[in-house]
Amino acid sequence: MAATMQVDHSTVAKSVRRLVNAGLAETTKSQQDKRMTLVQLTPAGLTLAKKVEHICDTAEERSIKGLTDEEQAAFVKIADKICNSLTGK
């Protein structure tokens, strides 16, 4: 996960620890590979994730409101270029 997100392992571990301490996530050891720790949202974490998803969906809808299909496509293309530049692709 850390490599996919391009962050250091310690940063991910610290973030997970904070989520666990806040009661939003829980960890368990993998039954297949005891070296792996599995992270899962708690019911409170799922509730919060749904709220955040709704906020993001609303922000997305508002941000493209009034744009034509062509303008939306151009925006997505430019945003992809910016993201690729930031990740070195």
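Our subject is the structure listed above.
This section reports on the structure supplied with the text. (Residues numbered from 1 in each chain as written. Predicted model: local features only at pLDDT ≥ 70, side-chain atom pairs only at ≥ 80, totals over all residues. Heavy atoms only, no water.)

**Topic: helix α4 (residues 69–87)**
Spelled out, the test is: A run of DSSP states H or I qualifies as a helix once it reaches four residues; a run of E qualifies as a strand once it reaches two. Both are numbered from the N-terminal end. Given the number of residues in a helix, its expected span is that number minus one, multiplied by 1.5 Å.
Its 19 residues give α4 an end-to-end C-alpha distance of 27 Å, which sits within 8% of 27 Å, the value for a rise of 1.5 Å per residue. Two residues or fewer past α4, Gly88 is found with a positive phi of approximately 80°.

**Re the state of the cysteines**
What counts, and what does not: When the sulfur atoms of two cysteines come within 2.5 Å, that pair is taken as a disulfide. Relative accessibility decides the category of a residue: with a 1.4 Å probe and only protein chains considered, values under 20% of the type maximum give buried, values over 50% give exposed, and everything between is partly exposed.
Scanning the model with the defined rule gives zero disulfides in all. Cysteine Cys56 remains unbridged, with the sulfur of Cys83 as its closest cysteine sulfur at 14 Å. Owing to a relative accessible area of 44%, Cys83 belongs among the partly exposed residues under this scheme.

**Considering the environment of Pro43**
Assignment of secondary structure puts Pro43 in helix α3 (residues 43–64). Owing to a relative accessible area of 67%, Pro43 belongs among the exposed residues under this scheme. Residues Pro43 and Ala25, 18 residues apart in the sequence, show an inter-C-alpha distance of 8.5 Å.

**Section: α3**
The terminal C-alpha atoms of α3, which comprises 22 residues, lie 32 Å apart, in line with the 32 Å expected from a rise of 1.5 Å per residue. Within two residues after α3, Gly66 carries a phi angle of roughly 90°, on the positive side.

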